[in-house]
Amino acid sequence: MLPRPRTLLVLALALLTALPVSGNMFENIDADLRLDPVTAPGLRDTVRVIRAEHNVPYIFAFNDDDALFMLGYLHARDRFFQMDTLRRTFSGTLAEILGDGALASDIQLRTLGLRRAAEASLPALTDETRRWLDAYVAGVNAWLASDEPLGPEYTALELTKAGIAPWTAIDSVTITKGLAFGLSFDLSDLDNTQALLTFQGTGAVAGFDGTALFNDDLYRSAPFDPSVSIPDFLTTAGIIDAVSSTPTVSPNSSPSYLGDSTLRLIERYQEAARNVPMLRRALSGERGTTGSNWFIAGGALTDTGRPIMANDPHLALDVPSTFYESHMRVRAGEDDPMYVVGVSFPGTPGNVLGCTPWVCWGATVNPLDVTDVYQEQLVVDPALGPVATLYQGAPEPLVPIFQTFLVNQIGDSTLDNVADAGVPLEAGGVTLVVPRRNNGPLVQFDLSDPNNPSGFSVQYTGWGPTRELDTLRIWARARNIDDFREGLQFFDVGSQNWAFVDVEGNIAYFTSAEMPLREDLEDLGAPAGGVPPWFVRDGSGTLQHEWKAADNPPAEQSLPYAILPFDEMPQVINPDSGYILNANQDPVGTTLDNNALDQVRSTGGLYYLNPGYASGFRMGRIQRLFDNAAGPITIDDMKAFQANNALLDAEDLLPFVDAAINRAGDPGAPVALAALLGDPEVVEAAGRLLTWDYTTPTGITEGYDPGDDPDNLQPPGEAEGDASVAATIYSMWRTRMVANVIDAPLTATGLDGFGPGSSLAVTALLHHLSTAEASGGVGASGIPFIQVPGIADVLDARAFIILTSLREALDALAGPDFANAFGMSTDQDTYRWGRLHRITFDHPLGQPFSVPAGGGFTDLDPNLPGIARSGGFGAVDASAHSARADGENEFMFGSGPSRRFVGQMNAFNDLDLYQVIPGGEVGVLGDPFYADQLDLWLTNDYHSLWVRPIDVLDDLLSFQLFQP
């Protein structure tokens, strides 16, 4: 591989200017650069790989097979440990390389069966896509067969290439299924049911309404901010508000079939599954937690008259980065070229996000409800255990799959040594599949009551054959919106909100994936006693909780059940507003009234997508940015919008602090409230908050903020320092407000630990503060949330809680839990946000592979690990921490923009594109490109993403020739 030959660029550029991208042109460049070709058995023809700045590869091939072969080869060369870890995680064989610590994950994920789903999916793919897969697999295995060494992780794990299984097409499909699973699989039905049953049981004894406590007081469907992507979609799609007298499944339905056995099953499954990283988010009662942003400004709003799109998907910020920058150009004939740029997932063929010379697309997660947990009645054989489920009184046999789990024997100094873990049948050694549940598994059972043996099965759209890879192949040659829509029909699982722009000036939004229709939501005369789909459902068949059977499904449909028609999925093309925005929030407004089940389709069934989305913190801020744009929007504006770190919840909650200060100053204020106004530290802190612009800079020299020069970080100015202090005080005040308004009333009622997750808790906080005067501080359940003993007036009580929480926040920041950050100082100017808000980029093996210390970065302090970074809870530049954080290392974050992209569509082959990933292309510790983009990412900068070959060569870093 040749370093950048600046002296020869003139020749190369002259050739590119004069000639099309052809073999002859490259042969001249090859000869002049005197390249030594790399022999890659399996290629059909010569392939050139140009590495541009940051070692980003551009593949130039003469046919698809060679382009995909080379993508597989480069993925393996640069990221094989990541690929191997991904295929093993989703296959349930991770312990075969990582050892005992991964066995719990293997048992749970083998039970769920993503690899089984991949084996069903491979035959469903088109012949063309399977050919892509075969070529990609050949490229991976060509690298494995080469003399290049495995990464240093394998040395630490006592593994060699001899112990590494060859790559297969099933491995790639398994990764595809696993990534879609991570974006769509949801087990919050369990947490929701546990909370509801506990609230109802406790309320029956203590005298409050447990159902209202769940639906109205705490686990609200209504978002924090009501901004939506398509305000008029329900009307144009023929969706109407339900008539109040219509018999429907409602959030207030009583679960007649659930009880103590349900709670036992939930607790047992939670105990096992919460040890598995892949399942923690799925189990969370926090709905809509998976994040991302995109926003599109149409040409009528921009300075150039051309559309601009920005997209930043929010995934785990690990080492290596989730995405791999990859670009393929194939001149298979003038009528059928392929040139696709963007990012791919290591281990899978094709670009999942990117551009062709005609179109660009981006995505955010749309958390459609495509998972249901069923309580099953079991038939038990005394010798064998569960052998069938009962459906409408008749047994339906379970399908047993026997499992063997192998574990790498790390530390015995024997290479490639794995041993049988000896997992017994009852602990995961046999998987029991329920055919009725789309061949989903039985994940937990309880046989303690011989008269009522029961268990949980999980039905999910991804258990069967799906065709997401067909989508990526079609999009790689997309020229217009029709091509994009064609590919969209095969993106079956991993529901997304897709952003689309093209060189013709079109902007569009489409929702993908297959949304199953439930019988009881379609038949509004279903028997009483059921509950909405976000609770555990009845598997006996008596309450019509089944997914509705499909009648004559179209050829492109994968799911063998009825699905919501494509025309009723949220979508819009060229809206009158001239822009489209999405940040995982409710896109069309089904939840704005706090009821996700009160709209009716034109067919008569309920229009149901999901009980709750992201709570709108990011979407509300993006909406404000567009509403307040001072003039035509530029590409730099879109970059600045993407970097915005102002906190929307602070903008909406801090007026209550202002009101509290005014209330405390009233002549008739209670003595305890007036005393808080006499506290100079509280007054100073309130003054800082009420003059704050809601931004969250680090406020320290070592911190990384938008626009910084990462090679020459400077001390913060006075304004940055003041905003940083306010961000710290506010974030700790929010913690105390959640504790005092949301959690303390639950503890007093015997419900400690049943508070909702962060976004729902802050949403509930705003609700109770806003409704205090009308409600008297008492929730719909009858539980008091805004009440203080000895203070009769509810507004005085609210003010007392607000200012007391501020006093408690200051006490905490000056206390031992923040000693390493602030030295137990009461000087508020020392409370700099960057001392708390930090990030580490974790590797599966930890140090020395994680960043810092890998990649040339260092921890802020030995007791304050990580890199100081602007941002915070609900910021557009996603960097959220828990809303209950109360220690110096609890405001850290580990997920956020896994790719930032901004692109302007000028004309064919003339796109102005910018991109960055949080790390580097090469996942091998010690490589100069291990984390070389991280300084750009930390300061919200980008590198150029090229479409024209002439620009690629102008950015040349290295040039490599591969031949058969």
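Residues numbered from 1 in each chain as written. Predicted model: local features only at pLDDT ≥ 70, side-chain atom pairs only at ≥ 80, totals over all residues. Heavy atoms only, no water.

Asks: Can you break down the overall build of the protein residue by residue, with the values?
Replies: Across its full length, the protein holds 28 helices and 34 strands. For the protein, the spread of C-alpha atoms along the principal axes amounts to about 90 × 75 × 65 Å. When burial is assessed residue by residue, the protein has 63% of its 964 residues classed as buried. Across the protein, contacts joining residues at least 24 apart in sequence account for 74% of those joining residues at least 6 apart. Split by element, the accessible area of the protein, about 32,700 Å² in all, is 51% carbon and sulfur. Here the protein holds 56 positive side-chain charges and 124 negative ones, and the gap between their average locations is 4 Å. (Helix = DSSP H or I, 4+ residues; strand = E, 2+ residues; numbered from the N terminus. Buried < 20%, exposed > 50% of the residue type's maximum accessible area, 1.4 Å probe, protein only. Contact = heavy atoms within 4.5 Å. Areas by Shrake-Rupley, 256 points an atom, 1.4 Å probe, with all protein chains shown as cover. Lys, Arg positive; Asp, Glu negative; His and termini not counted. Charge placed at Lys NZ, Arg CZ, Asp CG, Glu CD.)

Asks: Could you give an account of the state of the cysteines, naming the residues involved and the relevant values?
Replies: Under the definition given, this model contains one disulfide. For C355, the disulfide goes to C360, at an S-S distance of 2.1 Å. Judged by the torsion about the S-S bond (105°), the C355/C360 disulfide is right-handed. Exposure class is identical for C355 and C360. Each is buried. (Disulfide = S-S within 2.5 Å.)

Asks: Mind laying out the pattern of salt bridges, listing which residues take part and the relevant values?
Replies: Applying the stated criterion across every chain yields a total of 42 salt bridges. Of the charged contacts, one joins R115 and D171 as a salt bridge, the two residues approaching to 3.0 Å between their closest N and O atoms. Within this pair, whereas R115 is found in helix α6 (residues 114-121), its partner D171 is found in helix α9 (residues 169-184), the two being separated by 56 residues in sequence. Residue D171 is classed as buried on the basis of its relative accessible area of 3%. The shortest N-O distance in the salt bridge between D743 and R884 comes to 2.8 Å. Placement of D743 in helix α23 (residues 718-748) and of R884 in the loop between β29 (867-868) and β30 (895-897) is noted, with a sequence separation of 141 residues between them. Here R884 falls in the partly exposed class, since its relative accessible area comes to 26%. Salt bridges linked by common partners bring D84, R87, R88, E96, R115 and D171 together as one network. (Salt bridge = Lys/Arg side-chain N within 4 Å of Asp/Glu carboxyl O.)

Asks: Give a description of the side chain of S870 that names residues and reports values.
Replies: Mapped onto the fold, S870 is located in the loop between β29 and β30. What makes S870 buried here is its relative accessible area of 1%. Leaving out residues up to four positions away in the same chain, S870 has contacts with N645, T696, P697, T698, Y704, D705, P706, H837 and S879.

Asks: Can you explain the side chain of D189? Please cite residues and give values.
Replies: Turning to its location among the elements, D189 is positioned in helix α10 (residues 188-206). Within the buried core, D189 has no salt-bridge partner, and the shortest N-O distance to an opposite charge, that of R518, equals 6.7 Å. In this structure the side chain of D189 is engaged in a polar contact, spanning 3.3 Å, whose partner is the backbone nitrogen of V373. Filtering out sequence-adjacent residues up to four positions away, D189 remains in contact with T371, D372, V373, P533, W534, F535 and V536. (Polar contact = N/O pair within 3.5 Å; in protein donor to acceptor, adjacent residues only side chain to side chain.)

Asks: Tell me about the packing of aromatic side chains, and please be specific about residues and values.
Replies: Applying the stated rule across the entire model yields 46 aromatic pairs. A centroid spacing of 5.7 Å and a plane angle of 55° characterise the contact between F185 and W463, whose relative ring orientation is tilted. Pair noted here: F185 is in the loop between α9 and α10 and W463 is in the loop between β21 (454-460) and α15 (468-475), with a separation of 278 residues, a long-range link. As far as burial versus exposure is concerned, F185 and W463 are alike and both buried. Clustering of aromatic rings is evident, with ring pairs tying together W361, W475, F484, F491, W498, F500, F510 and F566. Here the guanidinium or amino end of R110 rests over the ring plane of F405, the centre of that ring lying 4.1 Å away. (Phe/Tyr/Trp six-rings, centres within 6.5 Å; stacked < 30°, edge-to-face > 60°. Lys NZ or Arg CZ within 6 Å of the ring centre and 35° of its normal.)

Asks: For α6, give the residues involved together with the corresponding values.
Replies: Considered for burial, the residues of α6 that qualify are L114, A117, A118 and S121. The arc that holds every buried residue of α6, seen down its axis, measures 105°, which confines them to one face. Those residues of α6 that are buried are in contact with α3 (64-91), α5 (103-112) and α9. (Arc of directions from axis to C-beta.)

Asks: So what about the nonpolar core? Which residues, and what values?
Replies: Nonpolar side chains in soluble globular proteins generally cluster together in the buried interior. Counting residues in hydrophobic clusters, the biggest one holds 251 residues, and the most contacted among them are M70, F80, F185, W692 and W733. Once residues lying within four places of it in the same chain are set aside, the contact partners of F80 are H75, R87, V140, W143, L144, L150, Y154, I164 and W167. Of all hydrophobic cores here, the second largest spans 36 residues; its members include L317, V319, I622 and I635. (Core = buried A, V, L, I, M, F, W, Y, C linked by side-chain atoms within 4.5 Å.)

Asks: Pulling in residues and values, what's your account of unusual backbone geometry?
Replies: Looking along the chain, the bond that leaves V851 and enters P852 is cis, with omega of -20°. With respect to the secondary-structure elements, P852 resides in the loop between β28 (838-839) and β29. That bond from P852 to A853 is cis: its omega, 20°, falls within 30 degrees of zero. Considering the arrangement of structural elements, one finds A853 in the loop between β28 and β29. Within the chain, Q544 stands out as a residue other than glycine whose phi angle is a positive 55°. For N574, which is not a glycine, the phi torsion comes out positive at approximately 50°. Structurally, the position occupied by N574 is in the loop between β25 (571-573) and β26 (579-582).

Asks: Could you give an account of the environment of T174, with specific residues and numbers?
Replies: Examined against the element boundaries, T174 turns out to sit in helix α9. Along the primary structure T174 and R88 are separated by 86 residues, whereas in three dimensions their C-alpha atoms are 9.1 Å apart.

Asks: Can you explain the pairing of strand β19 (residues 430-434)? Please cite residues and give values.
Replies: Burial of β19 is extensive: four of the five residues sit out of reach of the surface. Alignment of β19 against strand β20 (residues 440-446), held across two bridges, turns out to be antiparallel. Across the sheet, residue V433 finds its bridge partner in β20, namely P441. Linking two consecutive strands that pair antiparallel, namely β19 and β20, is a turn of five residues; a positive phi of about 55° is found at N438 within it. (Pairing = 2+ DSSP bridges.)

Asks: Tell me about the environment of D811, and please be specific about residues and values.
Replies: Following the sequence through the fold, D811 ends up in helix α25 (residues 794-813). With a relative accessible area of 45%, D811 lands in the partly exposed category. As for D811 and T826, which are separated by 15 residues in sequence, their C-alpha atoms are 8.2 Å apart.

Asks: If you had to explain the pairing of strand β34 (residues 956-963) to someone new, which residues and values would you point to?
Replies: When you tally the buried positions in β34, you get six out of eight residues, the bulk of the element. Across six bridges, strand β3 (residues 47-52) lies against β34 in antiparallel orientation. By the bridge assignment for β34, V47 is matched with F962.

Asks: Outline the packing of helix α7 (residues 127-144) against α15, supporting the account with residue identities and numerical values.
Replies: Taken N-terminus to C-terminus, the directions of α7 and α15 make an angle of 90°; their axes are 9 Å apart at the nearest point. The angle between the axes of α7 and α15 places the two elements in the roughly perpendicular class. In this structure, α7 uses E128, T129, W132 and L133 to contact α15, whose residues at the interface are L469, D470, L472 and R473. Residues of the contact of α7 with α15, tallied by class, amount to four nonpolar, one polar and three charged. (Axes fitted to C-alpha atoms, helices over the stretch in contact; angles between N-to-C directions. Parallel < 35°, antiparallel > 145°, perpendicular 65-115°, else oblique. Nonpolar A, V, L, I, M, F, W, Y, C, P; charged D, E, K, R; others polar.)

Asks: Would you mind going over the packing of helix α18 (residues 617-627) against helix α20 (residues 648-664) in detail, with residue names and values included?
Replies: Between α18 and α20, the shortest axis-to-axis distance is 8 Å and the interhelical angle comes to 90°. The orientation of α18 relative to α20 falls into the category roughly perpendicular. Within the contact between the two elements, α18 uses F617, G620, R621 and R624 and α20 uses L648, D649, E651 and D652. Class assignment of the residues belonging to the contact of α18 with α20 gives a composition of two nonpolar, one polar and five charged.

Asks: Describe the environment of D209, listing the residues and the values that go with them.
Replies: Along the chain, the position of D209 falls in the loop between α10 and α11 (210-218). Assessed through its relative accessible area of 37%, D209 is described here as partly exposed. Residues D209 and Y608, 399 residues apart in the sequence, show an inter-C-alpha distance of 26 Å.

Asks: How would you explain the confidence of the model for the protein if you had to name every residue and give the values?
Replies: Scored by pLDDT, the protein comes out at a mean of 93, with 95% of its residues at no less than 70. Here residues 1-25 is modelled with pLDDT under 50, and outside its nearest four sequence neighbours on either side it reaches 46 contacts, counting other chains as well. (pLDDT = per-residue confidence, 0-100.)

Asks: Explain α7 residue by residue, including any values.
Replies: With 18 residues, α7 should reach 26 Å at 1.5 Å per residue; the first-to-last C-alpha distance of 26 Å fits that figure. Summarising the contacts, the buried residues of α7 are in contact with α3, α9, β10 (337-344) and α15. (Expected span 1.5 Å × (residues − 1).)

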